[in-house]
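# Descriptive structure summary
Below, each chain spelled out in residue letters.
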Amino acid sequence: MRTRRILLSVASTLVMTAGLASSASAAPSAPAGAHPRIWLTAPTMTALHANVAKSGSAASAVVAECQHVVDRPGDYDHAIYEGYGWAYASASCGMAWQLTKNPAFATAGLRMFKALLEDFTVVGDGAGGASAVTHDAGYGMRYFASFSALAYDWFHDAPGADALLPQARGLFKTWVEWYEANGYLKSAPGSNYQAGYLFAKTMIGVAASGEDDGSAATYFGQVVDQMFAQQIVAKGVTGAGALVGGDWPEGWEYGPLCTMEYAMSARALEEQGAPQPALKSWLHDLVVNYHYSLTPDKAGFYAGGDYGTAIINATPSPQPLTAAVAGFGNDEAAGWAQFVRPLAAPAHDLNLVYDALAEARGAAAKSFNATPRSPFYVATGTRKLYARSSWDKDAFWAVFVSAPRFAVDHQHLDASTFVLSRGSDSLVVDPSPYGSLSTLTTNALSVDSLTVQENYRPSQSPYSRAELAWARGTKGGVVAGRAALEGAFADPQGNSDVPFARRDWVFLPEGEIVAIDRVRTDDPARKTYLRFRSPSSFSLDGSNVATATVGASRLVVHPVTLSGSSVPAVRSIKGDPGAPCDGDNFGVCTAARFDSGEYAVTLPGPTMLAVHVLDALGTAEAAAEAIAITDSALVGARVTRGGVRSFVVASSAKDGKPGATLAYSAAGDRAARHVVFDAPEDANGASDVTTRVVGETCAVSITAGTGPSAFVGRPLVFSVASAKDGCATAVDASPPPTTDGGGPSPQGADASAPDPNPLGGPAGGSDGGVGSGANGAGANGTNNGGGGCNVPPRTDGGLAALFLATLSLLVVRVTRARRARA
């Protein structure tokens, strides 16, 4: 058992279900036809019959699995976790019965059906029935209730089923009524509990409509009109929903099973005359997000939340891909999923029925990378920014996240965290233990705050309203984002005593991450905490540059600027996947689920600045040159690697407000890339950039945009030629919006592959940097408009802000059993 403190609130239920009673019903008539009603349509049965005769097919594996249930029934006496052993065995035998009409398959399947209705741990224990789904806050609805309904449908006309059908109908009503009154997070899109309940209620509604007291037909209408239309669609996969872009807000220990439950529920409804086009589009995004979440070698997957195994990245699961194929994703997404699915898991899925249904579709496999793809993608719902230098197995790959707190479980308090890999070597990693609610187990920024409740300090707040204010990628391969962190320290009413906090983050395609961290607390006693973690221990040299070696790669952390005479420290952490971040003050936890090295620095108040360059290198490769920008108007770093020079800068004015003009001088010995945060801009986030030659330097002046030639910003990314070439500028444009069918987020682009060396330039060069310039006072908008891929403000405050603003939440301690991963 694990102790996990999670957010519970009367408000979450009230807000997530607000307005349901006033909405007009859109559901078609409830199913009333012959059985089977779920998934086994005539075309599907034709394909299944053809496949079952093929050696090695998924359909033949289903029949073989049921034969095993017949031959070795003792192997299926135990429910495993929450009934899923019986659930999957009953499904395999149900499909095998439908395909062969072999009475032995019906008998074996009905034994599993009876166990789901009556037992809990061992066949014949009689400990289930009405109480089967009440354990673990109703988690077992997805197995006991869902698969009892599937068995009801598929075995409906089998010999011996008559005695079980009325018993099942009574339990369906008992289970749904219990969950409606007591179930956990039953109306929160993106929660694994809501997904399990949705699946159960859909299966019951389709299977038993017209054969009970009318309850199942009512459930069918509620699923269509409320759980899908008003929860999943209106507040999950569209608009400001956490599911927009295809990510799962609880992370990918829970996402695989939940995405399958959404997809297969949607398919069951579509086949009963209730189409779900928004879910079809979301399944497209799900597959796009899947590809960007894969590490370059495709052996790992960004976990993005609780993960209970002592490995660096999640193991890629076939289930989201199977969901897109079997769950009626559009043909393009199904083709991409079919192509990569064998790479994710060569073996069949745990529930072989899903594999057989995917196989029966006959989707033609097509490589996602057959068309050149953008090096970046934003899952706007979870505020997750993916970046890669290419799609090769040796590419640099990074993920940057800055999300508010959603009304779900298993989300970490990690706004501004990131990871970085070089090929198969994971260099910056998130080793957070399962259940961690400490920011200090991640690579995110945190600040001493009195608005954060005491047991979470000095971590971010459980009521966080952090945001990914900016997210942008360019054709040249630069990817940048801004984590707006003032709201990361909010109290239940949304108040924060941190007036300014942000991390500006830049991925350079040569293999560097530049992080500019700025915080103002106006209190000398309140500190800022940051750290970077790697799978290997760090060593510090005399300049406080930290190095860790991982496989064939090195991570070099350059502390370019640290305010307050701060000095970094390094240490090694012994990993323990079973070590929870608990106790009365769990916000101070620094545990790790696997062995890790840590580079950490604490910055004193009242204002804090840290500029770091993180360098991903081969073990024999020279480190990049990383030099601090010392101009009084700017903060940032000059980075030179492999003949490519980049200036990554931001305004040094209070709270990054640059005034009407931001002017500076840059060394002109070679062409350089400029990435500029806090530039003066017009209402659309665009700026005018002018340059002139001054001796051997290039003088740059930036003002608000005044016409169609203005450069898109947030941040500005442009190149400046050498002084001898006149310091001419050229914008590094954003890729065009995608034209892929199905509607992925605009960031999943079909842009041409980036130029591997967009700036050119000779190796070597002088030590010249950024010189003095003017910097006035004034406002600088950060959230709306602009080109590229800026993340718009969420006017509803997102799911977390919505329910937090309605009522104060009650933070309680809840004991949760470790969920089975399926």
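See the structure above.
Residues numbered from 1 in each chain as written. Predicted model: local features only at pLDDT ≥ 70, side-chain atom pairs only at ≥ 80, totals over all residues. Heavy atoms only, no water.

### Notes on the sheet that holds strand β8 (residues 467–473)
Strand order in the open sheet formed by eight strands is β8-β9-β10-β11-β18-β15-β14-β13, and the pairing between neighbours is antiparallel. Unpaired on one side and paired on the other, β8 and β13 (539–540) mark the two borders of the sheet. In this structure, strand β11 (residues 512–520) lies alongside strand β18 (residues 607–618), joined through nine bridges in antiparallel fashion. Residue pairing across strands places Arg-520 opposite Thr-607, the latter belonging to β18. (Pairing = 2+ DSSP bridges. Helix = DSSP H or I, 4+ residues; strand = E, 2+ residues; numbered from the N terminus.)

### Side note on the packing of aromatic side chains
Tallying each qualifying case throughout the model produces 35 aromatic pairs. Measuring from centroid to centroid gives 5.8 Å for Trp-470 and Phe-677, while their planes differ by 5 degrees, and the two rings are stacked. Separated by 207 residues along the polypeptide, Trp-470 in strand β8 and Phe-677 in the loop between β23 (672–676) and β24 (686–694) bring together distant segments of the chain. One exposure class covers both Trp-470 and Phe-677, and it is buried. (Phe/Tyr/Trp six-rings, centres within 6.5 Å; stacked < 30°, edge-to-face > 60°. Buried < 20%, exposed > 50% of the residue type's maximum accessible area, 1.4 Å probe, protein only.)

### Digging into the packing of helix α11 (residues 277–293) against helix α13 (residues 331–344)
Two elements in contact, α11 and α13, have axes whose closest approach is 9 Å; the angle formed by their N-to-C orientations is 40 degrees. Classified by the angle their axes make, α11 and α13 are oblique. In terms of crossing hand, the pair formed by α11 and α13 is left-handed. Contacts between α11 and α13 involve Leu-283, His-284, Val-287, Val-288, Tyr-290 and His-291 from the former and Glu-332, Ala-333, Trp-336, Ala-337, Val-340 and Ala-344 from the latter. In terms of residue class, the contact of α11 with α13 is built from nine nonpolar, two polar and one charged. (Axes fitted to C-alpha atoms, helices over the stretch in contact; angles between N-to-C directions. Parallel < 35°, antiparallel > 145°, perpendicular 65-115°, else oblique. Left-handed = near helix turned anticlockwise from the far one by under 90°. Contact = heavy atoms within 4.5 Å. Nonpolar A, V, L, I, M, F, W, Y, C, P; charged D, E, K, R; others polar.)

### Examining the pattern of salt bridges
Think of it this way: side chains of opposite charge can pair up when their charged atoms draw near. For the structure on display, the rule yields 35 salt bridges. Salt-bridge contacts for Glu-261 lead to Arg-142; the nearest nitrogen and oxygen are separated by 3.0 Å. Of this pair, Glu-261 sits in helix α10 (residues 255–270) while Arg-142 is found in the loop between α5 (103–118) and α6 (144–154), placing the two residues 119 residues apart along the sequence. Exposure class is identical for Glu-261 and Arg-142. Each is buried. Here Asp-678 ties to Arg-518 by a salt bridge, and the two come within 2.8 Å at their closest N and O atoms. (Salt bridge = Lys/Arg side-chain N within 4 Å of Asp/Glu carboxyl O.)

### With respect to the nonpolar core
Grouped together as the largest cluster of nonpolar side chains are 143 residues, with contacts concentrated most on Trp-39, Leu-48, Met-95, Phe-113, Phe-147 and Trp-175. Ala-398, Val-447, Tyr-456 and Met-608 belong to the second-largest nonpolar core, a separate cluster that totals 49 residues. (Core = buried A, V, L, I, M, F, W, Y, C linked by side-chain atoms within 4.5 Å.)

### A closer look at helix α12 (residues 319–326)
Summarising burial for α12: eight of the eight residues are buried, a large majority. Every buried residue of α12 is listed here: Gln-319, Pro-320, Leu-321, Thr-322, Ala-323, Ala-324, Val-325 and Ala-326. Contact partners of the buried residues in α12: α10, α11, α13 and α14 (352–361). Positioned one or two residues after α12, Phe-328 has a phi angle of 70 degrees, which is positive.

### Some thoughts on the state of the cysteines
If you walk through the whole model with that rule in mind, you get three disulfides. Disulfide partner of Cys-581: Cys-589, at an S-S distance of 2.1 Å. Disulfide Cys-581 to Cys-589: torsion about the S-S bond roughly -60 degrees, handedness left-handed. Using a relative accessible area of 4% as the deciding quantity, one classes Cys-581 as buried. Shown here is the disulfide that connects Cys-698 with Cys-727, its sulfur atoms set 2.0 Å apart. Because the torsion about its S-S bond is -80 degrees, the bridge between Cys-698 and Cys-727 counts as left-handed. Placement of Cys-698 in strand β25 (residues 697–704) and of Cys-727 in the loop between β27 (716–720) and β28 (729–731) is noted, with a sequence separation of 29 residues between them. (Disulfide = S-S within 2.5 Å.)

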